[in-house]
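Survey of secondary and tertiary structure
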Amino acid sequence: MYKILIMLHDGDDYIRMNKVYIESMPVAGQYIIHSDGLPYYVEEVTTFVGYVSSKGAIAIVVVHPAPKDAAVNDLYGVDIVQDLDDPEYNKKDK
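Below is a short write-up of the structure. All figures in this text were calculated on a predicted structure; none of them were measured in a lab.

Throughout the structure, instances matching the rule amount to 1 aromatic pair. On the numbers, 5.4 Å between centres and 65 degrees between planes, the contact of Y31 with Y41 is edge-to-face. Within this pair, whereas Y31 is found in strand β3 (residues 31-33), its partner Y41 is found in strand β4 (residues 39-47), the two being separated by 10 residues in sequence. For Y31, a relative accessible area of 35% puts it in the partly exposed group. Of the residues examined, Y41 reaches a relative accessible area of 27% and is grouped as partly exposed.

Dropping the structure here:
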């Protein structure tokens, strides 16, 4: 698992979204569905080389909202918790 920091590139601003754990590192040009259920286009992936952090993040992934006419927007009705979460993982929390 990789711990990354997701940054939203909105206009001229970069806005910190959150830190997340991922199993495979996204690449530029890929779409991701974020925990808010919305699709984002991966603009850039910047990894830290030789950097040790107590916070544990190893990369910054810069994203921007997917264009409204992108096919990925047709993934409506996906409930992140219901459809994508690992039920075995959720049992550990209880």
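To continue, consider the sheet that holds strand β2 (residues 13-22). Taken together, the 5 strands give an open sheet; going across it, the order is β2-β1-β5-β4-β3, and neighbouring strands pair in mixed fashion. Single-partner strands in this sheet number two, and they are β2 and β3. Here the strands of the sheet are splayed against their neighbours by 40 degrees on average, with no regard to which way each runs.

Scoring rules and cut-offs
Residues numbered from 1 in each chain as written. Predicted model: local features only at pLDDT ≥ 70, side-chain atom pairs only at ≥ 80, totals over all residues. Heavy atoms only, no water. Phe/Tyr/Trp six-rings, centres within 6.5 Å; stacked < 30°, edge-to-face > 60°. Helix = DSSP H or I, 4+ residues; strand = E, 2+ residues; numbered from the N terminus. Buried < 20%, exposed > 50% of the residue type's maximum accessible area, 1.4 Å probe, protein only. Pairing = 2+ DSSP bridges. Axes fitted to C-alpha atoms, helices over the stretch in contact; angles between N-to-C directions.

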